[in-house]
Amino acid sequence: MGNSALRAHVETAQKTGVFQLKDRGLTEFPSELQKLTSNLRTIDLSNNKIESLPPMIIGKFTLLKSLSLNNNKLTVLPDELCNLKKLETLSLNNNHLRELPSTFGQLSALKTLSLSGNQLRALPPPLCSLRHLDVLDLSKNQIRSIPDAVGELQVIELNLNQNQISQISVKISCCPRLKVLRLEENCLELSMLPQSILSDSQICLLAVEGNLFEIKKLRELEGYDKVCISILLHFQSLQRKER
(Lines give C-alpha, C1' and ligand atoms only; values in the text may rest on other atoms or scores of the structure.)
Protein backbone atom coordinates (compact mmCIF):
# COMPACT_ATOMS: atom_id res chain seq x y z
CA MET A 1 0.00 0.00 0.00
CA GLY A 2 1.41 3.40 -1.01
CA ASN A 3 2.26 6.12 1.48
CA SER A 4 -0.14 8.56 -0.15
CA ALA A 5 -3.07 6.14 0.22
CA LEU A 6 -2.19 5.52 3.86
CA ARG A 7 -1.95 9.26 4.49
CA ALA A 8 -5.42 9.70 3.00
CA HIS A 9 -6.81 7.07 5.40
CA VAL A 10 -5.10 8.79 8.33
CA GLU A 11 -6.50 12.18 7.34
CA THR A 12 -10.00 10.75 7.10
CA ALA A 13 -9.63 9.03 10.48
CA GLN A 14 -8.54 12.29 12.05
CA LYS A 15 -11.93 13.73 11.12
CA THR A 16 -14.14 10.71 11.80
CA GLY A 17 -12.42 8.95 14.69
CA VAL A 18 -12.58 5.70 12.69
CA PHE A 19 -9.57 4.01 11.06
CA GLN A 20 -10.38 1.01 8.91
CA LEU A 21 -7.81 -0.70 6.74
CA LYS A 22 -8.76 -4.29 5.96
CA ASP A 23 -7.49 -6.76 3.38
CA ARG A 24 -4.35 -4.75 2.56
CA GLY A 25 -1.64 -7.30 3.34
CA LEU A 26 -0.23 -5.17 6.17
CA THR A 27 2.54 -6.92 8.10
CA GLU A 28 2.88 -4.22 10.78
CA PHE A 29 0.58 -2.01 12.81
CA PRO A 30 0.70 1.36 10.98
CA SER A 31 3.09 3.61 12.89
CA GLU A 32 1.30 6.61 11.39
CA LEU A 33 -1.55 5.99 13.83
CA GLN A 34 0.52 7.30 16.72
CA LYS A 35 -0.50 10.77 15.48
CA LEU A 36 -4.13 9.86 16.28
CA THR A 37 -3.86 8.39 19.77
CA SER A 38 -6.18 11.06 21.16
CA ASN A 39 -8.63 10.93 18.22
CA LEU A 40 -9.52 7.37 17.39
CA ARG A 41 -12.54 5.57 18.78
CA THR A 42 -12.49 2.65 16.32
CA ILE A 43 -9.62 0.75 14.70
CA ASP A 44 -10.22 -2.15 12.30
CA LEU A 45 -7.16 -3.84 10.81
CA SER A 46 -8.78 -7.20 10.12
CA ASN A 47 -7.68 -9.55 7.34
CA ASN A 48 -4.05 -8.52 7.23
CA LYS A 49 -0.77 -10.23 8.19
CA ILE A 50 0.10 -8.32 11.34
CA GLU A 51 2.31 -10.40 13.68
CA SER A 52 2.59 -8.06 16.67
CA LEU A 53 1.29 -4.85 18.23
CA PRO A 54 3.77 -2.07 19.08
CA PRO A 55 3.85 -1.71 22.90
CA MET A 56 4.90 1.94 22.73
CA ILE A 57 1.84 2.89 20.66
CA ILE A 58 -1.06 0.53 21.30
CA GLY A 59 -1.69 1.57 24.89
CA LYS A 60 -1.96 5.28 24.11
CA PHE A 61 -5.35 5.29 22.35
CA THR A 62 -7.12 6.76 25.34
CA LEU A 63 -10.54 7.12 23.65
CA LEU A 64 -10.56 3.81 21.79
CA LYS A 65 -13.81 1.86 22.17
CA SER A 66 -13.50 -0.79 19.46
CA LEU A 67 -10.44 -2.69 18.23
CA SER A 68 -10.70 -5.37 15.53
CA LEU A 69 -7.71 -7.45 14.47
CA ASN A 70 -9.45 -10.54 13.15
CA ASN A 71 -7.59 -12.80 10.73
CA ASN A 72 -4.05 -11.67 11.39
CA LYS A 73 -0.97 -13.52 12.68
CA LEU A 74 -0.78 -12.30 16.26
CA THR A 75 0.96 -14.71 18.66
CA VAL A 76 1.11 -12.51 21.79
CA LEU A 77 -0.53 -9.36 23.10
CA PRO A 78 1.54 -6.67 24.84
CA ASP A 79 0.67 -5.70 28.41
CA GLU A 80 0.23 -2.13 27.18
CA LEU A 81 -2.95 -3.15 25.37
CA CYS A 82 -4.55 -3.38 28.80
CA ASN A 83 -4.16 0.39 29.27
CA LEU A 84 -7.18 0.96 27.01
CA LYS A 85 -9.59 1.82 29.81
CA LYS A 86 -12.47 2.78 27.48
CA LEU A 87 -12.25 -0.27 25.20
CA GLU A 88 -15.65 -1.96 24.95
CA THR A 89 -15.24 -4.32 21.99
CA LEU A 90 -12.15 -6.40 21.21
CA SER A 91 -12.16 -8.82 18.26
CA LEU A 92 -9.14 -11.09 17.83
CA ASN A 93 -10.65 -14.02 15.95
CA ASN A 94 -8.42 -16.29 13.89
CA ASN A 95 -4.99 -15.38 15.17
CA HIS A 96 -2.37 -17.58 16.89
CA LEU A 97 -2.83 -16.56 20.52
CA ARG A 98 -1.98 -19.13 23.21
CA GLU A 99 -2.58 -16.92 26.24
CA LEU A 100 -3.62 -13.46 27.34
CA PRO A 101 -1.57 -10.93 29.34
CA SER A 102 -1.89 -11.30 33.12
CA THR A 103 -3.02 -7.66 33.16
CA PHE A 104 -5.97 -8.34 30.83
CA GLY A 105 -8.41 -7.81 33.69
CA GLN A 106 -7.54 -4.11 33.61
CA LEU A 107 -9.74 -3.68 30.51
CA SER A 108 -12.51 -2.67 32.85
CA ALA A 109 -14.93 -1.31 30.23
CA LEU A 110 -14.82 -4.40 27.99
CA LYS A 111 -18.27 -5.70 27.02
CA THR A 112 -17.61 -7.98 24.05
CA LEU A 113 -14.53 -10.17 23.58
CA SER A 114 -14.07 -12.45 20.56
CA LEU A 115 -11.18 -14.93 20.59
CA SER A 116 -12.55 -17.59 18.27
CA GLY A 117 -10.06 -19.58 16.20
CA ASN A 118 -6.95 -19.13 18.34
CA GLN A 119 -4.78 -21.65 20.21
CA LEU A 120 -5.96 -21.18 23.78
CA ARG A 121 -5.71 -24.37 25.84
CA ALA A 122 -7.50 -23.13 28.95
CA LEU A 123 -9.93 -20.49 30.14
CA PRO A 124 -7.72 -17.40 30.64
CA PRO A 125 -7.94 -16.50 34.37
CA PRO A 126 -7.95 -12.70 33.85
CA LEU A 127 -11.33 -12.94 32.12
CA CYS A 128 -12.95 -13.58 35.48
CA SER A 129 -11.99 -10.04 36.56
CA LEU A 130 -13.95 -8.34 33.78
CA ARG A 131 -17.07 -7.19 35.61
CA HIS A 132 -18.83 -5.64 32.60
CA LEU A 133 -18.14 -8.38 30.05
CA ASP A 134 -21.42 -9.43 28.41
CA VAL A 135 -20.35 -11.66 25.50
CA LEU A 136 -17.33 -13.99 25.42
CA ASP A 137 -16.50 -16.09 22.36
CA LEU A 138 -13.84 -18.76 22.92
CA SER A 139 -15.04 -21.11 20.19
CA LYS A 140 -12.61 -23.02 17.94
CA ASN A 141 -9.74 -23.13 20.42
CA GLN A 142 -8.07 -26.11 22.15
CA ILE A 143 -9.66 -25.86 25.58
CA ARG A 144 -9.99 -29.24 27.31
CA SER A 145 -11.64 -28.42 30.63
CA ILE A 146 -13.50 -25.62 32.39
CA PRO A 147 -12.15 -24.91 35.93
CA ASP A 148 -13.89 -23.74 39.11
CA ALA A 149 -12.92 -20.15 38.32
CA VAL A 150 -15.62 -20.10 35.64
CA GLY A 151 -18.15 -19.36 38.38
CA GLU A 152 -16.73 -15.85 38.65
CA LEU A 153 -17.45 -14.94 35.03
CA GLN A 154 -19.98 -12.14 34.65
CA VAL A 155 -20.91 -12.86 31.03
CA ILE A 156 -24.43 -13.18 29.67
CA GLU A 157 -23.35 -15.31 26.70
CA LEU A 158 -20.46 -17.80 26.65
CA ASN A 159 -19.51 -19.55 23.42
CA LEU A 160 -17.28 -22.63 23.86
CA ASN A 161 -18.25 -24.42 20.65
CA GLN A 162 -15.68 -26.55 18.81
CA ASN A 163 -13.11 -27.01 21.54
CA GLN A 164 -11.96 -30.29 23.12
CA ILE A 165 -13.86 -29.93 26.38
CA SER A 166 -14.44 -33.15 28.31
CA GLN A 167 -14.87 -31.71 31.82
CA ILE A 168 -16.85 -28.75 33.17
CA SER A 169 -16.82 -27.52 36.75
CA VAL A 170 -20.16 -27.49 38.53
CA LYS A 171 -19.30 -23.87 39.37
CA ILE A 172 -20.50 -22.86 35.91
CA SER A 173 -23.97 -22.92 37.44
CA CYS A 174 -22.91 -20.08 39.75
CA CYS A 175 -22.36 -17.55 36.96
CA PRO A 176 -24.76 -14.82 38.08
CA ARG A 177 -25.71 -13.47 34.64
CA LEU A 178 -25.13 -16.42 32.30
CA LYS A 179 -28.15 -16.92 30.05
CA VAL A 180 -26.67 -18.50 26.91
CA LEU A 181 -24.15 -21.35 27.05
CA ARG A 182 -22.85 -22.88 23.82
CA LEU A 183 -20.96 -26.17 24.07
CA GLU A 184 -21.52 -27.68 20.63
CA GLU A 185 -18.98 -30.04 19.07
CA ASN A 186 -16.88 -30.83 22.12
CA CYS A 187 -15.92 -34.11 23.82
CA LEU A 188 -18.51 -34.17 26.60
CA GLU A 189 -20.05 -37.32 28.02
CA LEU A 190 -23.49 -36.72 29.48
CA SER A 191 -22.15 -37.64 32.93
CA MET A 192 -19.64 -34.77 32.67
CA LEU A 193 -22.33 -32.15 32.06
CA PRO A 194 -23.25 -30.68 35.47
CA GLN A 195 -26.94 -31.31 36.07
CA SER A 196 -27.10 -28.07 38.01
CA ILE A 197 -26.88 -26.26 34.65
CA LEU A 198 -30.46 -27.44 34.12
CA SER A 199 -31.79 -27.34 37.66
CA ASP A 200 -29.94 -24.55 39.44
CA SER A 201 -28.64 -21.84 37.10
CA GLN A 202 -29.75 -18.75 35.19
CA ILE A 203 -29.13 -20.47 31.84
CA CYS A 204 -32.08 -20.45 29.46
CA LEU A 205 -30.37 -21.45 26.22
CA LEU A 206 -28.08 -24.48 26.29
CA ALA A 207 -26.56 -25.71 23.01
CA VAL A 208 -24.82 -29.10 23.30
CA GLU A 209 -25.27 -30.78 19.93
CA GLY A 210 -22.28 -32.69 18.58
CA ASN A 211 -20.97 -34.14 21.84
CA LEU A 212 -20.61 -37.77 22.98
CA PHE A 213 -24.25 -38.30 23.92
CA GLU A 214 -27.66 -38.21 22.31
CA ILE A 215 -29.80 -35.16 22.94
CA LYS A 216 -32.75 -37.37 23.85
CA LYS A 217 -30.76 -38.55 26.90
CA LEU A 218 -30.47 -34.95 28.02
CA ARG A 219 -34.24 -34.66 27.95
CA GLU A 220 -34.46 -37.32 30.65
CA LEU A 221 -32.55 -35.22 33.20
CA GLU A 222 -34.23 -33.25 35.93
CA GLY A 223 -34.50 -29.60 35.05
CA TYR A 224 -34.58 -30.06 31.28
CA ASP A 225 -38.18 -28.84 31.11
CA LYS A 226 -37.20 -25.68 33.01
CA VAL A 227 -34.61 -24.80 30.42
CA CYS A 228 -36.98 -25.51 27.53
CA ILE A 229 -39.72 -23.37 29.10
CA SER A 230 -37.25 -20.56 29.68
CA ILE A 231 -36.16 -20.74 26.04
CA LEU A 232 -39.77 -20.60 24.92
CA LEU A 233 -40.48 -17.58 27.11
CA HIS A 234 -37.27 -15.93 25.90
CA PHE A 235 -38.29 -16.20 22.24
CA GLN A 236 -41.87 -15.17 22.99
CA SER A 237 -40.50 -12.06 24.69
CA LEU A 238 -38.31 -11.28 21.67
CA GLN A 239 -41.27 -11.74 19.33
CA ARG A 240 -43.36 -9.32 21.37
CA LYS A 241 -40.58 -6.72 21.20
CA GLU A 242 -40.31 -7.13 17.42
CA ARG A 243 -44.03 -6.42 17.07
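Computed from a predicted structure; not experimentally measured.

Definitions and limits used
- Residues numbered from 1 in each chain as written.
- Predicted model: local features only at pLDDT ≥ 70, side-chain atom pairs only at ≥ 80, totals over all residues.
- Heavy atoms only, no water.
- Pairing = 2+ DSSP bridges.
- Helix = DSSP H or I, 4+ residues; strand = E, 2+ residues; numbered from the N terminus.
- Axes fitted to C-alpha atoms, helices over the stretch in contact; angles between N-to-C directions.
- Salt bridge = Lys/Arg side-chain N within 4 Å of Asp/Glu carboxyl O.
- Buried < 20%, exposed > 50% of the residue type's maximum accessible area, 1.4 Å probe, protein only.

Caption draft 1: Fine view of the sheet that holds strand S5 (residues 112-114). One open sheet holds the nine strands; their spatial order is S1-S2-S3-S4-S5-S6-S8-S10-S11, and the pairing between them is parallel. Where the open sheet ends on each side, the last strands, each with one partner, are strand S1 (18-20) and strand S11 (205-207). Averaged over all pairs of adjacent strands, the angle between their axes in this sheet comes to 5°, without regard to strand direction. Sheet topology places strand S10 (residues 180-182) next to S11; three bridges connect them, and they run parallel. Paired with Arg182 across the two strands is Ala207, which belongs to S11.

Caption draft 2: Seen up close, the pattern of salt bridges. Using the criterion set out here, one finds three salt bridges in the structure. A salt bridge links Arg182 to Glu157; its shortest N-O distance comes to 3.2 Å. Of this pair, Arg182 sits in strand S10 while Glu157 sits in strand S8 (residues 157-159); the two residues are 25 residues apart in sequence, bridging distant segments of the chain. Residue Glu157 is classed as partly exposed on the basis of its relative accessible area of 24%.

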